[in-house]
Amino acid sequence: MKTDWTALFVFVLFFLLVTVIGFVAARWRRATDAQHLDEWGLGGRSFGTVVSWFLLGGDLYTAYTFIAVPALIYGVGAQGFYAVPYTIIAWPLVFLFLPRLWSVARSKGYVTLADFARGRYGSKSVAVAVALTGILATMPYIALQLVGIQAVLDTLHVGGGSSFGKDLPLLIAFAVLAAYTYSSGLRAPALIAFVKDTLVYVVVLVAIIYIPIRLGGYGHIFHDAAGAMAKTNPATGKPRGSMVPGAQAQWAYATLALGSAMALFMYPHSATGVMAAKDRLTVRRNLAVMPAYSLMLGLLSLLGFMAVSAGVGKGVKGYNSQLAIPQLFQQMFPSWFAGVAFAAIGIGALVPAAIMSIAAANLFTRNIYKDLLKPDATPAEETKVAKLVSLVVKLGALGFVLGIDKQFSINLQLLGGIWILQTFPAIVGGLFVRWFHRWALLAGWAAGMAYGTWKAYGVAAAGKPGSHFGGSSANIPVIGQIGYIGVTALVLNLAVAVVLTLVLKAAKAPEGVDETVAADYVADVGDAPADSDTEGPEHGRDVIAPVTT
Amino acid sequence: MSEPSAPRLPLVTPVRVVCAVLLAAPFVALLWVDSYATDKPALAGIPFFYWYQLLWVVLSALMTGLAYVLFTREEKQRKAQRPARGGEQA
């Protein structure tokens, strides 16, 4: 296949546009105290409803989502559609606890979830456990964003045959991303998210109307898909997939949806997006309008069936299903619009990659560097360290993609989801009650991590007996159904935490000091702060100043 | 933080119960997979399994939105009733 110059030109054009935006963002709503980590790492905690909405959407619905969810449906059918109930129930779920998280973070100046764990339980070890889990889970996630860009570049046939030429565009994209994240912090992805989401909405709307027309309607698409899913896969000797989950697969479907929804806001980058909101109402209002993205994701996932119907990858041995969607676009759209679609995916990778690296950097700086290594670090030093770490994190992710097997980052990301879910009791439990004992939480976390990792190790990839980390579902003990390992591990985690808390309370083991009070969890901008000695930055918002750092 | 000295406002109110039901409904509907794991009736060629869940995207959005309106309105009223910390708009 030849390089599609028109598509490439459009792609590069959009890429240049967001690069300019990324650097200009540094000047956008600049605060007086640019040295504070709140500025670089949380955009000055100043984002209103519209910016927050784009930021969170740009953050949570990543390029990898656009490629992987339809790719899963392309591969196995109905089981991949769990992403839809997942994003539906995520919003009512987080509606309950995110406003509380925002309030306590604002009131106490917390930048990360681990900050909250430390403050609530007076325990550095719980904080470090949360921080390490967050960093570990985020790294492969960033790597997957680069995998997303790579899928687009592969489809565009950029760089020719040599392996260096093939990697070069990715290196350039990466360098640009690293540079503007370094200089602009969270403001860069916030501004670029506008471009990203606009492009994505346009592409999705066009795709779900235009492609079915070309393929002969939805009825035809689903008919083709049903036929393809019923065919026997020679590698496994079973049908390729199914159009509705059978009785055997329903537990897995439901637990995957539930577990993923619970894990969503345990990820550092999601928490960063929330904490950057300017007031409590902004958070809640956003959660009420976020489902618009779920609709987009639902429609998008149907593209997987369209790719089946269009015959993308048909008859190709060992076909990489991650290429299904980019190739569908290339096959169906005129060149220039394929370029727009590729730009949507490419930019869709840059926004979350930037936010994730910022979130991981915040975690390292606040909960490892400052808490463990250099307790007297000034805010300016924190910002400096965070900026450097954001570069290191991205380099690590790049290393993953270029050096190690791509499949490995996908497996690690599945594992990351199981891991991050194990911080749920400490964070969400802590937002409502101060009942758990810190040591019990730590033990529960360790039990959940160990169990989850061990179980995932035992899952072989389809058609490859004896392989490891091939999926995230396994037999649930006692119930005897196949379910998401993350949820099983979480149940174990909770059981350990509850039992040990009772034991430790009976033994009168020393509790950590809780620096938060009930009012912190409902505090809002405009409430009388506890001790207001700091003026808000120039855009004149009322602040509950970052009281403690 | 100054602690309000007045009696605490009730934690469970009718409005909050309605909000809880609105927020809980999508969980029940979608985690009960067996209730919708079927092909028929199809809508415009889309099997029931798919259009039903897409319909829930919209339903759940409306329900979460309604819960937001109800909850926010009630919280404003509660804030007005809460002594000591009111009236200090910075």
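Please read these numbers as outputs of a predicted model, since none were measured by experiment.

Visitor: Residue-level account of the overall build of chain B, with values.
Guide: Across its full length, chain B holds two helices and zero strands. A buried classification covers 23% of the 90 residues belonging to chain B. Of all intrachain contacts in chain B linking residues separated by at least 6 positions in sequence, the fraction that spans at least 24 positions is 64%.

Visitor: Describe in detail the interface of chain B and chain A, supporting the description with residues and values.
Guide: Counting from both sides, the interface comprises 33 residues of chain B and, opposite them, 35 residues of chain A. The element best represented in the side of chain B that touches chain A is helix H2 (residues 48-81) of chain B, accounting for 14 residues. Across the side of chain B that touches chain A, the residue classes tally to 21 nonpolar, eight polar and four charged.

Visitor: Which residues make up the nonpolar core, and what values do they have?
Guide: All names here are of chain A. One finds Ala117, Ala257, Ala307 and Leu328 to be the most contacted residues of the largest nonpolar core, which totals 210 residues. The leading source of residues in this core is helix H17 (residues 335-373), at 20 residues. Among all residues touching Leu328, those that are not within four sequence positions of it are Leu303, Met306, Ala307, Ala310 and Val312.

Visitor: Tell me about the packing of helix H6 (residues 113-121) of chain A against H17(A), and name the residues and values.
Guide: Residues and elements named next belong to chain A. In contact at an axis separation of 8 Å, H6 and H17 are set at 45° when each is read in the N-to-C sense. By the criterion of interaxial angle, the relationship of H6 to H17 is oblique. Here Ala114, Asp115 and Arg118 of H6 lie close against H17, whose contacting residues are Leu363, Arg366, Asn367 and Asp371. Its residues assigned to classes, the contact of H6 with H17 shows two nonpolar, one polar and four charged.

Visitor: Describe the confidence of the model for chain A, with residues and values.
Guide: Confidence along chain A averages 84 in pLDDT terms, with 92% of residues attaining 70 or more. Ranking the elements of chain A by mean pLDDT puts strand E1 (residues 232-233) of chain A last with 78 and helix H22 (residues 485-506) of chain A first with 94.

Visitor: Describe unusual backbone geometry, with residues and values.
Guide: Backbone torsion omega between Lys40(B) and Pro41(B) reads 0°, so that peptide bond is classified as cis. Assignment of secondary structure puts Pro41(B) in the loop between helix H1 (14-31) and H2. Of note in this structure, Lys508(A) is not a glycine but carries a positive phi near 55°. Look at Ala44(B): it is not a glycine, yet its phi comes out positive at around 50°.

Visitor: Any chance you could break down the confidence of the model for chain B for me, citing the residues and the numbers?
Guide: Residue and element names in this part refer to chain B. With 81% of its residues at a pLDDT of 70 or more, chain B has an overall mean of 80. Predicted confidence for residues 1-5 stays below pLDDT 50, and this span has ten contacts to residues more than four positions away or in other chains. This stretch, residues 85-90, has a pLDDT under 50; its non-local contacts, to residues over four places away or in other chains, come to eleven contacts. The complex model carries a pTM of 0.86, and its ipTM stands at 0.82.

Visitor: Which residues make up the environment of Val244(A), and what values go with them?
Guide: Position of Val244(A) relative to the elements: it lies in the loop between strand E2 (238-239) and helix H11 (250-264). With 166 residues separating them in the primary sequence, Val244(A) and Ala78(A) have C-alpha atoms 5.2 Å apart.

Visitor: Requested: an account of helix H10 (residues 218-230) of chain A, with residues and values cited.
Guide: Residues and elements named next belong to chain A. For H10, with 13 residues, the first-to-last C-alpha span of 18 Å sits near the 18 Å given by 1.5 Å per residue. Along H10, the residues that are buried comprise Tyr218, Ile221, Phe222, Ala225 and Met229. In a view along the axis of H10, the buried residues occupy a sector of 90°, so they form one face of it. Elements that come into contact with the buried residues of H10 comprise helix H9 (187-215), E2 and helix H15 (303-309).

Visitor: For the environment of Val433(A), give the residues involved together with the corresponding values.
Guide: Residues and elements named next belong to chain A. Relative to the assigned elements, Val433 resides in the loop between helix H20 (424-432) and helix H21 (438-457). Given 7 C-beta atoms within 10 Å, Val433 falls into the exposed group. For the pair formed by Val433 and Arg120, sequence separation is 313 residues and the distance between their alpha carbons is 9.8 Å.

Visitor: Got a sec to walk through helix H3 (residues 49-60) of chain A? Specific residues and values, please.
Guide: Residue and element names in this part refer to chain A. Here H3 contains twelve residues, and its C-alpha end-to-end distance of 16 Å stays within 8% of the 16 Å for a straight helix at 1.5 Å per residue. The element H3 is extensively covered by neighbouring structure, given that ten of its twelve residues are classed as buried. Turning to H3, its buried residues are Val51, Ser52, Trp53, Phe54, Leu55, Leu56, Gly57, Gly58, Asp59 and Leu60. The secondary structure elements touched by the buried residues of H3 are H9, H11, helix H12 (268-275), helix H13 (280-289), helix H14 (291-301) and H17.

Analysis parameters
- Residues numbered from 1 in each chain as written.
- Chains lettered and ligands numbered in written order.
- Predicted model: local features only at pLDDT ≥ 70, side-chain atom pairs only at ≥ 80, totals over all residues.
- Helix = DSSP H or I, 4+ residues; strand = E, 2+ residues; numbered from the N terminus.
- Buried ≥ 20, exposed ≤ 12 C-beta atoms within 10 Å, placed from the backbone.
- Contact = placed C-beta atoms within 7 Å.
- Nonpolar A, V, L, I, M, F, W, Y, C, P; charged D, E, K, R; others polar.
- Core = buried A, V, L, I, M, F, W, Y, C linked by C-beta atoms within 7 Å.
- Axes fitted to C-alpha atoms, helices over the stretch in contact; angles between N-to-C directions.
- Parallel < 35°, antiparallel > 145°, perpendicular 65-115°, else oblique.
- pLDDT = per-residue confidence, 0-100.
- Expected span 1.5 Å × (residues − 1).
- Arc of directions from axis to C-beta.

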